[in-house]
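Listed below are the residues making up each chain.
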Amino acid sequence: MNLLKSTGTIAGLTLVSRIFGFVRDIMLARILGAGAAADAWQLAFQLPNIFRRLFAEGAFSAAFVPLFNRKIEADDDRTAAQTFVIEVLSVFVPLLLLFSAIMMLVMPGIIWLIDDFGRGGRTSDFSISLARITFPYLGLISVTTLFAAILNSLSRFAAAAAAPIMLNICMITALLAAYIFNDGSDPRQTAYFLALAVATAGLVQMLWLYYWARKTGFRFPLKMPRFNADVKELGILILPAVFGAGIYQISRFIDLFFLGRLPEGSFVYLAMADRLNQLPLGIIGIALGTAILPALSRFIAKNDQGGAQRLQSNAIELGMLLTIPAAIALFFAAGPLVTSFYVGGNFTPADGQTTSAVVAALVVGLPAYVLVKVLIPGFFARKDTKTPVYTAAISLLVNIALNLLLIPVYGIQGLAFAGAIAAWCNCAMLYTMLHRRGHFHLEWTLLLRIGRITLSAAGMAAVLIYAAPIGEGLYDGTMAQRIGSITALVSVGGLVYAALAWLTGAIDRDKITMLTKKKAAEEAASEGS
């Protein structure tokens with residue numbers, strides 16, 4: 001597998017999706033602002049998405065991919081793999097329908113629980129109806145995830161990476177339609193348009209990946225569900241993987257309960273801040289985690305421990321090369337970025353200041369989130385889903401304890417910082433367990449490289465501290481002024497980091513050259529780093 005090419009494919013299409021997502025969120029901020037309707041919409045949108053990332057993209061993919069790869073390796077004509085897919089889908093679809101139906105029935109209770117037991121002012125027929133309209137998205141996108149897992153296992157990453165773009169296009173279309181119908185003056189109607197767009201997007205994404213999965217030769221007829229040995233094995237792997245792979249999403253779900261006890265607009269502030277945090281996390285962390293799991297599974301199946309070690313080392317080096325400067329840049333340039341992107345219309349400068357503080361707290365944990373995405377496949381590729389459960393449980397307890405301590409003092413910024421610290425705890429424990437078992441260890445060359453990356457990013461931070469105030473007055477100016485000022489700031493920071501990384505040797509020129517070759521991961525494994 002060409003790690004750099006595969007990661008680049010996923011990252012490039014994810015970048016396109018994130019750009020569309022920025023356009024979507026800019027429109028959301030301007031039209032909905034940070035009022036009651038915006039809070040209700042964010043809650044309705046986050047509920048199915050948290051379950052999606054937790055069960056579908058996190059646990060299901062992590063458990064399904066190694067088993068599917070095992071079937072592929074065992075049977076050249078893919079008969080065993082085809083049978084496995086049909087059996088899983090025949091059980092998966094009814095369970096999704098049942099779960100979605102139950103959740104929609106109990107939705108009033110869920111909203112009431114999140115809304116500080118009905119005391120937060122968010123429990124209303126409006127909020128409940130929005131959540132019920134969006135929740136079918138979970139079932140549709142979960143089936144989509146099965147198709148994506150098949151494509152990713154066959155190293156066909158493009159179609160699955162492109163699917164989220166469709167969600168953003170549907171939501172942008174809904175916002176434009178709402179603006180045409182009510183000129184943005186009726187936020188409740190706009191929220192209903194958005195909820196319908198989310199459900200529609202789930203169907204569009206499912207049909208898109210169904211088409212591409214069929215192009216690989218697989219067929220997906222449904223039959224009577226049967227819990228045979230393969231399906232039971234998948235279930236055994238999924239249940240603990242829900243906890244182990246989904247620490248970030250579980251933390252987000254817990255955050256909803258704390259957000260429901262904070263002032264109006266808190267859901268919006270965290271969602272807007274997380275959009276900036278998710279840009280590098282989605283492009284780098286998720287892309288690396290998705291790209292290395294199939295290859296790591298194959299190395300382990302061949303008992304090639306050296307190949308597995310080098311693959312994860314390369315992934316960490318590439319991840320930190322991009323993530324550390326992204327985190328530092330977002331920390332020091334949060335104010336200009338938030339002002340340029342969001343402030344205007346119904347999103348006030350005060351809303352922007354709060355969102356900037358949340359961004360700065362969130363990105364403290366950004367490198368940890370990316371490292372977790374790279375380390376967890378080391379367990380799942382070995383069909384070990386128990387260890388991440390234990391580390392995730394401890395991290396969740398840390399997160400909850402810190403929320404209880406920090407939120408009364410720092411409000412929503414304390415909530416964001418608590419999640420960041422918990423992510424670092426999870427990362428440290430995952431690495432310790434891999435190291436003790438002899439599965440992976442950080443070599444001195446890699447640690448030295450990370451040190452050089454950090455030094456280069458620190459130099460960039462010094463420049464940003466000096467350069468950011470120069471654009472004051474332009475970040476919230478005309479569209480041209482906003483684009484020009486923020487482009488100049490980002491360009492200066494990026495150029496300074498690139499130059500320092502090159503000069504200090506933070507960029508391994510030989511490895512970058514090697515990773516661009518055909519079957520780079522296998523070459524890296526056999527030739528050494």
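Residues numbered from 1 in each chain as written. Predicted model: local features only at pLDDT ≥ 70, side-chain atom pairs only at ≥ 80, totals over all residues. Heavy atoms only, no water.

Caption draft 1: Highlighting the pattern of salt bridges. If you walk through the whole model with that rule in mind, you get six salt bridges. Ionic pairing is found between E233 and R70, a salt bridge with its closest N-O pair at 2.9 Å. Placement of E233 in helix α9 (residues 229-244) and of R70 in helix α2 (residues 36-74) is noted, with a sequence separation of 163 residues between them. By relative accessible area, R70 is classed as partly exposed at 35%. A salt bridge links R226 to E87; the shortest N-O distance between them is 3.1 Å. Note that R226 is positioned in the loop between α8 (187-215) and α9 and E87 in helix α3 (residues 79-105), a separation of 139 residues in sequence. Exposure remark for R226: the relative accessible area of 44% places this residue in the partly exposed category. Several salt bridges share partner residues, and in doing so they unite R24, D25 and R275 into one network. (Salt bridge = Lys/Arg side-chain N within 4 Å of Asp/Glu carboxyl O. Helix = DSSP H or I, 4+ residues; strand = E, 2+ residues; numbered from the N terminus. Buried < 20%, exposed > 50% of the residue type's maximum accessible area, 1.4 Å probe, protein only.)

Caption draft 2: A look at the confidence of the model for the chain. Summarising the model, the chain shows a mean pLDDT of 83, and 86% of its residues fall at 70 or more. For the chain, per-element mean pLDDT is lowest for helix α22 (residues 520-527), which scores 40, and highest for helix α14 (residues 349-362), which scores 94. (pLDDT = per-residue confidence, 0-100.)

Caption draft 3: Inspection of the packing of helix α5 (residues 125-134) against α8 at higher detail. The contact between α5 and α8 brings their axes to 8 Å, and the two run at 20 degrees. For the element pair α5 / α8, the angle class is roughly parallel. Regarding α5 and α8, the two cross each other, and that crossing is right-handed. Two secondary-structure elements touch here, α5 through F126, S129, L130, I133 and T134 and α8 through R188, A191, Y192, A195, L196, V198 and A199. (Axes fitted to C-alpha atoms, helices over the stretch in contact; angles between N-to-C directions. Parallel < 35°, antiparallel > 145°, perpendicular 65-115°, else oblique. Left-handed = near helix turned anticlockwise from the far one by under 90°. Contact = heavy atoms within 4.5 Å.)

Caption draft 4: Fine view of a nonpolar patch on the surface. Together, F331, F332, V364, F417, W424 and I465 line one region of the surface with nonpolar side chains, adding up to about 510 Å² of accessible area. Here I465 is to be found in helix α19 (residues 444-467). (Patch = residues over 30% accessible without salt bridge, like charges linked within 9 Å, V, L, I, M, F, W, Y side chains within 5 Å. Areas by Shrake-Rupley, 256 points an atom, 1.4 Å probe, with all protein chains shown as cover.)

Caption draft 5: Local environment of the nonpolar core. One finds W41, L47, I316 and F347 to be the most contacted residues of the largest nonpolar core, which totals 111 residues. It is α2 that provides the largest number of residues to this core, a total of 11 residues. Residues contacting F347, with those up to four places away along its chain left out, are A29, G33, A34, V268, Y269, M272, Y342, G352 and T355. Of all hydrophobic cores here, the second largest spans 34 residues; its members include F60, A81, F92 and F218. (Core = buried A, V, L, I, M, F, W, Y, C linked by side-chain atoms within 4.5 Å.)

Caption draft 6: Summary view of helix α17 (residues 386-410). Compared with an ideal rise of 1.5 Å per residue, which puts 25 residues at 36 Å, α17 spans 35 Å between its outermost C-alpha atoms and is within 8% of the ideal. The sharpest bend along α17 comes to roughly 30 degrees, located at L404, with the proline P408 sitting one to four residues further on. Along α17, the positions that sit buried rather than exposed are T387, P388, V389, T391, A392, S395, L396, N399, L402, N403, L406 and I407. Note on α17: the residue one or two positions beyond its end, G411, has a positive phi of about 65 degrees. (Expected span 1.5 Å × (residues − 1). Bend = angle between axes of the 7 residues up to and from the residue.)

Caption draft 7: How the structure looks around the environment of L322. One can find L322 in helix α12 (residues 305-332). Sequence-wise, L322 and I453 are 131 residues apart; in three dimensions their C-alpha atoms are separated by 8.9 Å.

Caption draft 8: Geometry of the environment of M320. Relative to the helices and strands, M320 is located in helix α12. Considering only alpha carbons, one finds M320 and I450, 130 residues apart in sequence, at a separation of 6.8 Å. Other than its neighbours up to four places away in sequence, M320 contacts P325, P367, V370, L371, I450 and I453.

Caption draft 9: Structural context of α8. Between its terminal C-alpha atoms α8 stretches 42 Å, which fits the 42 Å expected from 29 residues at 1.5 Å a residue. Of all the positions in α8, only T190, A191, L194, A195, A197, V198, A201, G202, Q205, M206, L209 and A213 are classed as buried. Looking at the residues trailing α8, positive phi occurs at G217, about 105 degrees.

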